[in-house]
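Residues per chain, in single letters:
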Amino acid sequence: MIGIVSTVLFLVAVYVYRYYANVRRYPKGPTPLPLIGNLHQFDPHRLHHYFETVQAEYGDVFTVWTPCPMVVLMSYSTIKEALVTKGDDFLGRLGQFPDNLFMATENGGVIFSQGENWREQRRTSIHIMRDFGMGKNVMEAQVKASMDEFMKHLDSIKDKSAVDFRWPIQILVANVINEVLFGYHYRFDDCKRLMDYADTLTAQIEAVRKSVLVQLAMQFPWIARLPVIGWLAVGQHRKSSSRLLDHVRADVRRCEKTFSDSEEPACFVHAYMQRMPKNDLLTEDQMVNVCGDFFVAGMETTSTTLRWAMLHMAKNQRVQDKIRAEIHAVLGRDGDITMNEKMRLPYTSAAVSELQRMANILPLNVIHMTVNDTKVDGHAIPNGTIIMAQIHNVMKRGEIFEEAAEFRPERFLMKDGKTPNRATLEQVIPFSMGKRMCAGEGLARMELFLGLATILQKYRILPPKDASLDMSPVEASIYLPKANNLQMIPV
Ligand code: HEM
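Residues numbered from 1 in each chain as written. Predicted model: local features only at pLDDT ≥ 70, side-chain atom pairs only at ≥ 80, totals over all residues. Heavy atoms only, no water.

A. How the structure looks around the site of the ligand. As a structural note, the neighbourhood of the ligand is formed by 29 residues, with Trp 118, Arg 122, His 368, Ser 432 and Cys 438 the closest of them. His 368 places a polar side-chain atom, nitrogen or oxygen, 2.7 Å from an oxygen atom of the ligand. Of all the secondary-structure elements, those providing two or more residues to the shell around the ligand are α4 (115-131), α11 (284-315) and α16 (441-458). No other element matches α11, which puts 6 residues into the shell around the ligand. A per-class count over the shell around the ligand returns 17 nonpolar, 9 polar and 3 charged. (Near = heavy atom within 4 Å. Polar contact = N/O pair within 3.5 Å; in protein donor to acceptor, adjacent residues only side chain to side chain. Helix = DSSP H or I, 4+ residues; strand = E, 2+ residues; numbered from the N terminus. Nonpolar A, V, L, I, M, F, W, Y, C, P; charged D, E, K, R; others polar.)

Structure representation (structure tokens):
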């Protein structure tokens, strides 16, 4: 008996010794416990708040064990050093659960794929989007067409004293990316299919982020095979992801039927299909995955930011009046708002930057992974380490953004009120940095500028009539605004 006990104690001692020897290979952070790391010290859906308390003690580069080691970068300079200067060392993604939930095939798509496949899918999709004029005139015409329908819908709302912008904005933004990918859009009065997709996605976003079991399944993949627990940790999330992919697959199939190699591509799917015979990495499964990635990324991010815009405008009447006064002075109440006018609307442009800073919707950046042994700010980081480049926290930093909790577009303008303030603008990085930075930045910027300016040109947004404005977020993988019935007054 004594023999067994001493052997067990010996093995535990060896495990603990090795565990802490491994801990010393990473940048310093709060001391983890074997097996659970720092899991007992934070709420999974408030991890970004926990990072702030850790930063106060350990600086801008530290490790949190979740229970896998995750190196967190909390400043503009460390993120730039990692993702830009040493970008090739930080190109990897997690490559396993939960990131592979969104994959239609092994290492599929753009957002979560790695290596040669990522490079090819990203290059191809950006080329196709450019051919369709992303960030330029053709895409602008598309955004404006969706804006026109959106404004007609707003005009048609009978009771403008209690408007929930969730669905109008979701349909506005979804229609742009849907038209680009699949060549059709939804009518405002006939979009149940889109609503089902958006509801499933929102539920998924909330459930994954809140679950400790998901964190554990990341470190211990065998959990997926356990009865009940495996379903709760992994199975249920796989089921809802496959429903989301089925939606996209059906749209891809519909486009395949209208494809003709000899005709100009009418949508992203056609353009991708034209390239398939010349490139082995461009397969049908990859096409579904890439469309799925662009649909999710292109819809949820921009629409959530615009929904936040309505709440910030309702709260900040002074800012709203200033934006509207600028637009009316330059273009009048009925003048056409285009991207060409952006230079003539410096306050409105600054307000969009402030919106993206305040309403940055990703409390945790998409996970990067090191693909070499490397260093940041002198801290050694081994190959294969999870990296969290916390753009969210950078944009809230009080040293750079005075009174960071206030919505103040003026911080992005010089004293003349017109010239952009490059020093503060540089640190607004909602699209991240480096080779994996957002592939839809041009489109997103266009949608946000045209969206905010067009709404405010015609309407004053006021807080709810019979309730107080609720600005507290739903803390999911995406910071979602809560429903508010705002007042909308024609001007
Ligand atoms: C306000 C709107 C948006 C924000 C804040 C945003 C933000 C981001 C961020 C932070 C990343 C991760 C970067 C990294 O890994 O470091 C990302 C990746 C990505 N975004 Fe966006 N995004 C927005 C809109 C869009 C739109 C409209 C599209 C498509 C049309 C899009 C497509 C993508 C894709 C494909 C990736 C993966 C890039 C890669 O891994 O190579 N995003 N985005």
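B. Structural view of the packing of aromatic side chains. Applying the stated rule across the entire model yields 14 aromatic pairs. Between Phe 182 and Phe 295, the ring centres sit 6.4 Å apart and the planes meet at 55 degrees, which makes this aromatic pair tilted. On the criterion of sequence distance, the pair formed by Phe 182 in helix α6 (residues 166-182) and Phe 295 in helix α11 is long-range, its members being 113 residues apart. Residue classification places Phe 295 among the buried positions, given a relative accessible area of 0%. Ring-pair connections join several aromatic residues into one group, and the members of that group are Tyr 15, Tyr 19, Tyr 20, Tyr 26 and Trp 65. One cation-aromatic arrangement involves Arg 166 over Trp 167; the distance from NZ or CZ to the ring centre is 4.2 Å. The ring centre of Phe 449 lies 5.8 Å from the NZ or CZ of Lys 342, which sits over that ring. (Phe/Tyr/Trp six-rings, centres within 6.5 Å; stacked < 30°, edge-to-face > 60°. Buried < 20%, exposed > 50% of the residue type's maximum accessible area, 1.4 Å probe, protein only. Lys NZ or Arg CZ within 6 Å of the ring centre and 35° of its normal.)

C. Main features of the coordination of the iron atom of the ligand. Within the protein, a single donor atom binds the iron atom of the ligand, namely Cys 438 (SG) at 2.3 Å. Along the chain, Cys 438 turns up in the loop between α15 (422-425) and α16. (Donors = N, O, S within 2.8 Å, 3.2 Å for Na, K, Ca; no water.)

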